[in-house]
Amino acid sequence: MAKVLLVLFPDPVDGYPQFPRDDARDTIPALPDYPNGHTLPSPEGTDFVPGQLLGSVSGELGLRAYLEGAGRELVVTSDKEGEGSVFDRELVDADVIISQPFWPAYLTPERLAKAKNLKLAVTAGIGSDHVDLDTANALGITVAEVTYSNSIAVAEHAVMQILVLVRDFVRQHEISVDGGWNIADAVERSYDVEGLDVGIFAAGRIGRAVAERLAPFGVRLHYTDRHRLPAEYEEQYGLTFHESIEDLVRHIDVLTVHAPLTEQTRGLLNDELLATMRRGSYIVNPARGAIADQDAVVRALDSGQLAGYAGDVWDPQPAPADHPWRSMAHNAMTTHTSGASLPSQAKYAAGTREILEDWFADRPIRPEYLIVEGGHYAGTGAHSYAQQEVAAV
Ligand code: NAD
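Quick look at the structure, then.

Calculation rules
- Per chain, the residues get numbers from 1 upward, laid out in the order the sequence is written.
- Local features in a predicted model are, by the rule used here, given only for residues with pLDDT of at least 70; side-chain atom pairs are given and counted only at 80 or more, and totals for whole chains, interfaces and linings are based on all residues.
- Side-chain measures were taken over the full set of non-hydrogen atoms in the model, leaving aside hydrogen atoms and water.
- What makes a residue near a molecule or strand is one non-hydrogen atom of that residue sitting within 4 Å of it.
- Per-residue and other accessible areas were derived by the Shrake-Rupley procedure at a 1.4 Å probe size, with only the shown protein chains allowed to occlude residues.
- Segments assigned H or I by DSSP are reported as helices when at least four residues long, segments assigned E as strands when at least two residues long, and all are numbered from the N terminus.
- For this classification, the nonpolar set comprises Ala, Val, Leu, Ile, Met, Phe, Trp, Tyr, Cys and Pro, the charged set comprises Asp, Glu, Lys and Arg, and every other residue, Gly included, is treated as polar.
- Any Lys or Arg side-chain nitrogen found within 4 Å of a carboxyl oxygen on Asp or Glu counts as a salt bridge.
- Exposure categories follow from relative accessible area, calculated using a 1.4 Å probe and restricted to protein chains: below 20% of the type maximum is buried, above 50% is exposed, and the middle band is partly exposed.
- Two kinds of site are reported from a 1 Å grid over the protein atoms alone, namely cavities, where a 1.4 Å probe fits but cannot get out, and pockets, open sets with protein on both sides within 12 Å along at least five of seven lines, and residues are called lining when an atom falls within 4 Å of a point.
- Grid points are joined across faces, edges and corners, and a volume is the space filled by probe spheres set on the points.
- Counted as a polar contact is a pair of N or O atoms within 3.5 Å, where, for protein atoms, one must be capable of donating a hydrogen and the other of accepting one, and residues adjacent in sequence contribute only when both atoms are in side chains.

### Section: the site of the ligand
Line of reasoning, step 1. Taken together, 31 residues surround the ligand, and among them I206, D225, H227, P286 and S384 come closest.
Line of reasoning, step 2. In the complex, the protein chains occlude 94% of the 860 Å² of accessible area that the ligand would expose alone.
Line of reasoning, step 3. Within the residue set of the shell around the ligand, elements represented by two or more residues are α5 (151-167), α8 (205-214) and α15 (379-384).
Line of reasoning, step 4. The residue makeup of the shell around the ligand, split by class, is 13 nonpolar, 13 polar and five charged.

Here's what the structure looks like:
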């Protein structure tokens, strides 16, 4: 009997909510498709109501009835840290392991070596850097993720955090909550986004969605990516291409980061790079925490080289209570939530089910969902993660 191990974030502290709930929306919009004609997940069925909390332990990504009905074993846990964890104990005979980047089940080389039956690792969401992809390649393990499932949600979060930083929203909100009316305190670091130079590091699905949403703000848009966008697209959104991130950061006031975490991007936002930015620049990073050098960011905020840093990704996750980014100056951090909105959960739960249906029926997994297959990068993985450049799927 195939065993599926599902590692999910814990339920709300007050317990798993009733659905529909009486203090929030009870429907989410039904979208026809993703942008640019990319098709939504198309499983044969789903056992959840879109808008329900699916990503926590009791939500089970809506997979239990389907998996058990097909005679598979399902183990669900949030206990993922350390050798005695349920995750560590259960992975030894799991055929499939699924986790979300918000609560990543880190599949290190050591864990992959212990998971003797593992054939498929699914990221319910986007970004599979919590799986050691070189080892997955070496062991012939397939890695798949639900491409596009939360790209627009992350783009919205990035635009929100750019506005939050530049306008200095957090401080203004705190003054309001605290009963104050000190306008001068509230506006002494408050600017307009209009007229700024905004740089996008990596113009994939999220980076392009950010550009499309920011263009009407009257900003000048810049980007770099190892794949240059078509000239008509650059013209439509007024995008200036830069050959490298080093060149990009010299020309901008706001950097928004949307590249995957790879050996090329790890630690890229370091002291040297930050020192070349315009003084008082802002950085928003909802890509991966480890793309930034944690201490370099704190130093740049302390010195005023950066005027603000926001994002929702940390290294590791969950971040410890004393992580310096929780308390550093002028931060507007959130925990990893940008891609975990309820509509996103509905999409990546359906996409996970589609991947499982195809996997168990021996049908090919959609190329846009594939990161690693048959010992090499495949599909989206070849375009976004492989060292050599491969066209998009
Ligand atoms: P995508 O695959 O559509 O785009 C990635 C882009 O990065 C591609 O255009 C690729 O060419 C570019 N790239 C890769 N390496 C590069 C390098 N060294 N230099 C320049 N460009 C490079 O992916 P996406 O859907 O836009 O997602 C991007 C990343 O955002 C994911 O890998 C993931 O880490 C992160 N993400 C975060 C959340 C969240 O909840 N915070 C959700 C989804 C994705």
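Next comes the rest of the account.
### What about the pattern of salt bridges?
Line of reasoning, step 1. Evaluated as defined, the whole model comprises 25 salt bridges.
Line of reasoning, step 2. The partner of K3 in a salt bridge is E90, with the nearest N and O atoms 2.5 Å apart. Of this pair, K3 sits in strand β1 (residues 3-7) while E90 sits in helix α2 (residues 86-90); the two residues are 87 residues apart in sequence, bridging distant segments of the chain.
Line of reasoning, step 3. Overall, K3 belongs to the buried group, its relative accessible area being 4%.
Line of reasoning, step 4. Note that R363 is salt-bridged to E44, the shortest N-O span being 3.1 Å.

### Let's talk about the layout of surface pockets
Line of reasoning, step 1. Reported here for the second largest pocket is a volume of approximately 670 Å³.
Line of reasoning, step 2. Along the wall of the second largest pocket there are 28 residues; nearest its centre are I28, P29, L31, P343 and K347.
Line of reasoning, step 3. A per-class count over the lining of the second largest pocket returns 17 nonpolar, seven polar and four charged.

### Regarding the side chain of N331
Line of reasoning, step 1. Summarising the element assignment, N331 is placed in strand β12 (residues 331-333).
Line of reasoning, step 2. Among the residues examined, N331 registers a relative accessible area of 19% and is labelled buried.
Line of reasoning, step 3. At a separation of 2.9 Å, a polar atom in the side chain of N331 contacts the main-chain carbonyl oxygen of M328.
Line of reasoning, step 4. Polar side-chain contacts of N331 include one of 2.9 Å to the backbone nitrogen of M333.

### Looking at empty space enclosed by the protein
Line of reasoning, step 1. Scanning the entire structure with this criterion turns up one cavity of 30 Å³ or more.
Line of reasoning, step 2. Approximately 40 Å³ is the volume attributed to the largest cavity.
Line of reasoning, step 3. Taken together, the residues of the lining of the largest cavity sort by class into three nonpolar, three polar and three charged.

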